[in-house]
Each structure stands twice: as structure tokens, then as C-alpha cells.
Amino acid sequence: HLLQASRPSLAAFQRARRHRLRHLLVAGEAALAVVLLAGAGLMINTFVRLQMVDRGFNPDHLQTMRISLPRSKYGDRAAAFFDQALARVRALAGVKSAAAVSLLPLSGQQEGYGVQAEGHPEKQFAAHYRAVSPDYFRTMGIPLLKGREFAGHDSEGSPLVTIINDTLARRLWPGQEPVGRRMVVQTRAGLLRQVVGVVGDVHHMGLHAEPGPEVYVPYAHGPTRTMYLAVRTASDPDSIIPAVRAQVRAVDKDQPIEDLRTMDQLLADSIAPRRFHMLLLGVFAALGLALAAIGIYGVVSYSVVERTQEIGIRIALGARAPDVLRQALRQGIPPAMIGLAAGLVGAAALTRLLVSLLYGVTPTDPLTFAAVSALLAGVALLAAYLPARRATRVDPVQALRYE
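The present account deals with the structure reproduced in this document. (Residues numbered from 1 in each chain as written. Predicted model: local features only at pLDDT ≥ 70, side-chain atom pairs only at ≥ 80, totals over all residues. Heavy atoms only, no water.)

1. Overview of the overall build of the protein chain
Looking only at helices and strands, one finds 13 helices and 11 strands in the protein chain. Relative to its full complement of 403 residues, the protein chain shows a buried share of 44%. Nonlocal contacts in the protein chain, meaning residues at least 24 apart in sequence, comprise 81% of its contacts between residues at least 6 apart. For the protein chain, the accessible surface area stands at approximately 20,100 Å², while carbon and sulfur atoms represent 59% of it. (Helix = DSSP H or I, 4+ residues; strand = E, 2+ residues; numbered from the N terminus. Buried < 20%, exposed > 50% of the residue type's maximum accessible area, 1.4 Å probe, protein only. Contact = heavy atoms within 4.5 Å. Areas by Shrake-Rupley, 256 points an atom, 1.4 Å probe, with all protein chains shown as cover.)

2. Some details on the nonpolar core
One finds Tyr136, Phe137, Met140, Ile142, Phe150 and Tyr216 to be the most contacted residues of the largest nonpolar core, which totals 49 residues. With 10 residues, helix H1 (residues 2-51) is the single largest residue contributor to this core. Formed by 38 residues, the second largest nonpolar core is a distinct cluster that contains Leu92, Val115, Leu168 and Ile257. (Core = buried A, V, L, I, M, F, W, Y, C linked by side-chain atoms within 4.5 Å.)

3. Some details on the packing of helix H3 (residues 78-90) against helix H6 (residues 241-251)
Put simply, H3 and H6 touch, their axes get as near as 9 Å, and they point 140° apart. With respect to each other, H3 and H6 are oriented oblique. Judged by the twist between their axes, the crossing of H3 over H6 is right-handed. Residues Phe81, Gln84, Ala85, Arg88 and Val89 of H3 lie in contact with H6, whose contacting residues are Val244, Gln247, Val248, Ala250 and Val251. Of the residues belonging to the contact of H3 with H6, the class tally is 7 nonpolar, 2 polar and 1 charged. (Axes fitted to C-alpha atoms, helices over the stretch in contact; angles between N-to-C directions. Parallel < 35°, antiparallel > 145°, perpendicular 65-115°, else oblique. Left-handed = near helix turned anticlockwise from the far one by under 90°. Nonpolar A, V, L, I, M, F, W, Y, C, P; charged D, E, K, R; others polar.)

4. A few points about a nonpolar patch on the surface
A surface patch of nonpolar side chains, about 490 Å² in accessible area, is lined by Phe276, Leu280, Val283, Phe284 and Leu287. On the secondary structure map, Val283 appears in helix H8 (residues 272-306). (Patch = residues over 30% accessible without salt bridge, like charges linked within 9 Å, V, L, I, M, F, W, Y side chains within 5 Å. Salt bridge = Lys/Arg side-chain N within 4 Å of Asp/Glu carboxyl O.)

5. Brief notes about H6
Where H6 is concerned, the buried positions are Ile241, Val244, Gln247 and Val248. Considered in projection along H6, the buried side chains sweep an arc of 130° and stay on one side of the axis. Where H6 is buried, its residues touch strand S1 (62-68), H3 and strand S11 (258-262). (Arc of directions from axis to C-beta.)

6. Quick look at helix H7 (residues 263-270)
Buried residues of H7: Met263, Leu266 and Leu267, and no others. For H7, the arc enclosing every buried residue in end-on projection is 100°, short of the 170-degree limit, so these residues lie on one face. Where H7 is buried, its residues contact S1, helix H4 (136-140) and S11.

7. A word on the side chain of Gln255
Structurally, the position occupied by Gln255 is in the loop between H6 and S11. Owing to a relative accessible area of 4%, Gln255 belongs among the buried residues under this scheme. Within the structure, the side chain of Gln255 is placed 3.1 Å from the backbone oxygen of Ser68, a separation counted as a polar contact. Other than its neighbours up to four places away in sequence, Gln255 contacts Ile67, Ser68, Leu69, Pro70, Phe81, Val248 and Arg249. (Polar contact = N/O pair within 3.5 Å; in protein donor to acceptor, adjacent residues only side chain to side chain.)

What follows is the structure, given as C-alpha cells:
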């Protein structure tokens, strides 16, 4: 008799244990989904903000390519080659403008020197350095803020001039007119140059990096054998490649062109790592959310099936549909909310690992966390409501016969 009396309590203990285990699994799935959703939300937020950044140039219909001249053949005559090549390319049908630069924006490469305002040794800064051809700023769509652009008379032997970006102008001469002033660009010769223009800032190191001080010099004053051509076209920039290649070969039949990419491609490549992490986290977050929803649905559905007789008796005794619905929802919603709370705590700690990939958003961005919470709560409520609604439709007569 003692053994028989213990069996119901043992069965009840096992049922309670199974319920706790199911609830623990649901809470764990919900917590994991929150962490993944928070990471994906932050990356989506970052990606959207990067798309809104003012690049400082216009990448539309802009084809680029690299030309590296051999030292043995050209020596110090690189500028003459690029002068001829650019003249031929500019004459092509469908070409709006063309220019050359030692390093393209978003190329991931930089060359830098120290700069100093004349007569102010305390005003010294490190600045990125670029040698450019005339028409470079117009071709790239970089706005000229003050002064003039380089012209054909800024050639070898002409007075040494420079164009600086707005950031450097504000650092060297805050609140003063920079055009006409002189500065030392600390290349090997430590040459003194006159500022003839100021241009807008460009995100050279990536859209996520704030523009720094920049110095532009005529490529005739600082010739380099490796230059990038930038060609702005009236139509598809890829369509101009054969004609550009032919004009370069007309200057030197043995000279190849390399690394052909549009500026749109360079722009896409510069944000590719963040796009990859956004998609990766998005996929895992979607899977985590689906698992949490399936878990909640399964727990509530199983509870409804397991308690069919009880529900039928409650309805027979006059229980209203909203009361039955609330009773069924309690099987899935509380563990989901516990998982949501635990997930938010975990996300606040783990999303700090993404700080190097974020832009314009903090690892604990309140709006992102609020959106994630609302999304998980909505999915949890829907996943619990669908099977819980069946409980309100239980036929008491059929339920009393249910085994």
C-alpha cells in the first residue's frame, strides 16, 4: 500500500521536473536569441549609418586603374607619360574628365608627412600626402571650398604650391584665411609651399574613420611612377576600359594597366567586412529567434494537450475563454520573459566585443535593445497565443473522454 501511495506523488514529481526542464530550455533559447538579435541589430544600425556618411567625393560613373611605370625605362620622366596618357583619355568619347592621383580614396593605402605653418614651429601635424594631376578634384567630385585647383601651369619648375583639406586648414590657421599662406611639407627636401586652395574632407581611410589632415601637391612637383587614373564617364564606366587601354598603349605599347575597379566597387569593398558580419549575425539571429518561437509554441501546445481534461472541466464549470487563454499563456510567456531579461544582460556584456566594428552606435544602444526586446516579446506572444487559443475551443464533453 505504501508503494502504491507513493506512485502518484512520484508521477507528479516527474511531470514537474519535465515542466521545469522545458521552461529552462525555452528561457535559454530566448536568451540566446536576444544576444544574437542585439548583435545583428547593432551591425544593421552601423551599416545604415555608414551608408549615410558624406564620403567627400562622388563615386558614380567613376572608373579607376593603376599604372606602374618601370624605373629603368622612365626614371624621372613619369609626369610626362601621365600628361600624354591623360590628354588622350580626356579626348575619348563618353569621357567627362580624367585625372591621376598617387593614392585613391578608400584604397587602404596612405603616405604621410609632417606639416608646419610658416613661422609657427608649435603648429606641426602629421598629414596624408597625395600627388595629383590638374582636374583631379573636379573628376572625383571633391568640392573646392576656397582658392583654386591645380592647373597646367603648376608644372615642373613652377612655384611650389599645395592644396589642403578643410581639417588641416582649421588646425593650422583657425579662424583665418589659409589661401596665400605658406607651410612646410616635411618631405626629404622639407620644401616650403604656398597654399592656393582648400578642398572638402574625404574619408580616405574608410567611411568609419574621421577625415584627417591632408596635403595635395601637383604631381609634376612630386612625380611618382605609380599612379591611379580616375576616369569619369557619361555611361557605364566599365565600357570605357578597352578605349583607355588602347590610349595608354598608344603612349607606350608595353605598358599594362592593372587593378581596374569602379569607385562604387572600392566603396563596397571598404564596408565589406561590416556587411559580412551583419549578414552572419543576422542569419544566426533569425535561427535563434525561430528556435525560441518553436520552443515556446511546443511548450504551450504540449501543456494544452496534457491538460485537456482539466481545461474541459474548467469550461464546464463556467470558466470564460479569456481566463482559459491566460492560463495557457502562462506556460510559455514567463520563461520567455526570463530568457529575455537574461539575454539583455548577456548582450550588454558580449556586444562590447563588436566595438571595433561599430560606427555611430554604442555597444549598448538603447534603441537597438528596445527594438530587440519588442521583437522577441512579440514573437513569444504570437508563438504562445496560437496553441493557447486552441484551449479556449476545447469541447468539455470530448475533454472528459480524453485519455
